[in-house]
Amino acid sequence: MNLSKSVRPLLNRQNVNYIRQLSSSVESDYSFKTLKVSVPSEFVYHVEFNRPERRNAMNPSFFSEIKNCFEKLRFDPDCRTVLISGKGKGFTAGLDLTELSQMVSIDQEDVGRKGFQLLKIIEEYQTSLNSIEKCHKPVIAMVHGHCIGGGIDLIAACDIRYCSKDAWFSVKEVDVGLAADIGTLQRFPKITGNDSLVRELIYTARKFTPDEALKLGLVSLIADDEASLLSKGLETAKLIASKSPIAVQGSKININFSRENKIEDSLKFVAAWNSGMLQSEDLIKSAMASFSKEQPTFSKLIFFILKNFSNKNLDIQINK
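Scope of this entry: the structure provided in the associated data block. The structure presented is a predicted model; accordingly, all values stated were derived computationally and were not measured. (Residues numbered from 1 in each chain as written. Predicted model: local features only at pLDDT ≥ 70, side-chain atom pairs only at ≥ 80, totals over all residues. Heavy atoms only, no water.)

The final tally for this structure, using the stated rule, is nine aromatic pairs. Plain terms: the ring middles of phenylalanine 49 and phenylalanine 62 are 5.2 Å apart, the flat faces sit at 75° to each other, and that makes the pair edge-to-face. In this pair, phenylalanine 49 is assigned in strand S2 (residues 44–49) and phenylalanine 62 in helix H3 (residues 60–74), connecting sequence segments 13 residues apart. On the basis of relative accessibility, which here comes to 1%, the residue phenylalanine 49 falls in the buried class. Here phenylalanine 62 falls in the buried class, since its relative accessible area comes to 1%. Seen in terms of ring centroids, phenylalanine 188 and phenylalanine 208 are 6.4 Å apart; in terms of plane orientation they differ by 15°. Their pairing is stacked. Within this pair, whereas phenylalanine 188 is found in helix H7 (residues 184–192), its partner phenylalanine 208 is found in the loop between helix H8 (195–204) and helix H9 (210–216), the two being separated by 20 residues in sequence. (Phe/Tyr/Trp six-rings, centres within 6.5 Å; stacked < 30°, edge-to-face > 60°. Helix = DSSP H or I, 4+ residues; strand = E, 2+ residues; numbered from the N terminus. Buried < 20%, exposed > 50% of the residue type's maximum accessible area, 1.4 Å probe, protein only.)

Listed below in structure tokens is the structure:
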């Protein structure tokens, strides 16, 4: 997917030079083989699956690069929202079956030792997709064409999911003789709230349509085509990026916490959180902007990153 045509009407002259400079930096900081990272608008990053010749199938390099990419984005002060899409005819065909056959043919005679090797691989893949959920920045998945198997695992870890009318989905794992093990069985039921239909889709591995995905709550918008899908995704991303990063990222952290914890514990968590965050300058800026009817400008979130940590040596690097 190319966002360039969708972006042009949304850029103003003041941002053009900034975007060009930032894009140059992104090319060096986010250089991957299976992913293409770009900056279509200020504070908006676009992560595109870049294996169209393999229908964007997920191989070991893909999982490693997804993890590295989203761990960087988590603390990148120039990023406030992330878009995800697939290059070519579809979103992703899921796990690369050639890689799967190599996984199960591990050269170990002992079942226990082979099991531990497979456990390591599965946990690495889980950690990879967990990095999307753990990224503090809201992540918007834009699905066109096929979204199969691991693709469901991946979009279930995203915050917002849009698709085009030509999209189709399938929890395909049972058709290749395994139970989904990197997120679908854990996240999909909580997203939809329809236990019966979720089980049907998982047990049968049948295709389901955008309309069914919308009814389920897996997606919240169906676009007419790929171009309008890109445009709507970018529009939402820009709107989110214009808000206070303290408020938006704090909201994501608290939503994720509340999903896994009791209401009482979640209320205590957000109370403790806001006892610090309500002291932010963003609250004052937002209040003043509401009175003046002007768009507030929020400072970047700068993170202190500890490098080369040891008892004798502690270097502190500031992301700028």
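A full pass over the atoms with the stated rule returns zero disulfides. Considering cysteine sulfurs only, cysteine 147 is the nearest to cysteine 158, which forms no disulfide, with 9.4 Å between them. (Disulfide = S-S within 2.5 Å.)

Another aspect to go through is the pairing of strand S4 (residues 139–143). Counting buried residues along S4, five of its five residues qualify, which places the element largely inside the surrounding structure. Side chains Val139, Ala141 and Val143 of S4 all project onto a buried face; the interleaved residues Ile140 and Met142 project onto the opposite face, where all are buried too. Pairing geometry for strand S3 (residues 81–86) and S4, over three bridges, is parallel. Pairing of isoleucine 84 across the sheet is with alanine 141, part of S4. Looking at chain direction, S4 and strand S6 (residues 160–164) are connected through four bridges and run parallel. Considered in S6, the bridge of methionine 142 is made with tyrosine 162. (Pairing = 2+ DSSP bridges.)

Moving on, we come to helix H13 (residues 281–292). The end-to-end C-alpha distance of H13 is 17 Å, a good match for the 16 Å that 12 residues give at a rise of 1.5 Å each. Residue serine 280 occupies the N-cap position of H13, its side-chain oxygen lying 3.0 Å from the main-chain nitrogen of aspartate 282. Lysine 293 lies just past H13 and shows a positive phi near 60°. (Expected span 1.5 Å × (residues − 1). Polar contact = N/O pair within 3.5 Å; in protein donor to acceptor, adjacent residues only side chain to side chain.)

As a further point, take the packing of H7 against H8. As a packed pair, H7 and H8 sit with axes 9 Å apart at the nearest point and diverge in direction by 145°. Seen along the crossing, H7 lies across H8 with a hand that is right-handed. Where H7 approaches H8, its residues Leu185, Phe188, Pro189 and Thr192 are matched on the opposing element by Val198, Leu201 and Ile202. (Axes fitted to C-alpha atoms, helices over the stretch in contact; angles between N-to-C directions. Left-handed = near helix turned anticlockwise from the far one by under 90°. Contact = heavy atoms within 4.5 Å.)

Attention now goes to the side chain of lysine 137. Inspection of the secondary structure puts lysine 137 in the loop between helix H5 (111–134) and S4. We note that lysine 137 is buried and unpaired, the nearest opposite charge coming from aspartate 76 at a distance of 6.0 Å. Excluding residues that lie within four positions of it along the chain, lysine 137 makes contacts with Leu73, Arg74, Phe75, Asp76, Cys79, Arg80, Thr81, Val82, Asp159, Gln249 and Lys252. (Lys, Arg positive; Asp, Glu negative; His and termini not counted. Salt bridge = Lys/Arg side-chain N within 4 Å of Asp/Glu carboxyl O.)

Right, let's get into a nonpolar patch on the surface. Residues Leu278, Leu283, Ile284 and Met288 make up a contiguous nonpolar surface patch of about 430 Å² in total accessible area. Secondary-structure assignment places isoleucine 284 in helix H13. A relative accessible area of 54% places isoleucine 284 in the exposed class. (Patch = residues over 30% accessible without salt bridge, like charges linked within 9 Å, V, L, I, M, F, W, Y side chains within 5 Å. Areas by Shrake-Rupley, 256 points an atom, 1.4 Å probe, with all protein chains shown as cover.)

Every regular strand shows the same layout, with side chains that alternate between the two sheet faces. Of all the six residues making up S3, six are buried; the element is thus mostly covered by neighbouring parts of the structure. Burial along S3 is two-sided: the residues Thr81, Leu83 and Ser85 and Val82, Ile84 and Gly86 are all buried. The pairing of S2 with S3 spans six bridges and is parallel. Within the sheet, the bridge partner assigned to phenylalanine 49 lies in S3 and is glycine 86.

Let's shift gears to the packing of helix H11 (residues 245–260) against helix H12 (residues 263–277). Two elements in contact, H11 and H12, have axes whose closest approach is 10 Å; the angle formed by their N-to-C orientations is 160°. With respect to H12, the axis of H11 lies roughly antiparallel. Crossing handedness for the pair H11 and H12: right-handed. Across the interface between the two elements, Ile246, Gly250, Ile253, Asn254, Phe257 and Ser258 of H11 pack against Asp265, Ser266, Phe269, Val270, Trp273 and Met277 of H12. (Parallel < 35°, antiparallel > 145°, perpendicular 65-115°, else oblique.)

The mixed open sheet is built from six strands, whose spatial order is S1-S2-S3-S4-S6-S8. Only two strands of the sheet have a single partner each, and these edge strands are strand S1 (35–41) and strand S8 (221–223). Averaged over all neighbouring strand pairs, the angle between strand axes comes to 25°, with direction disregarded.

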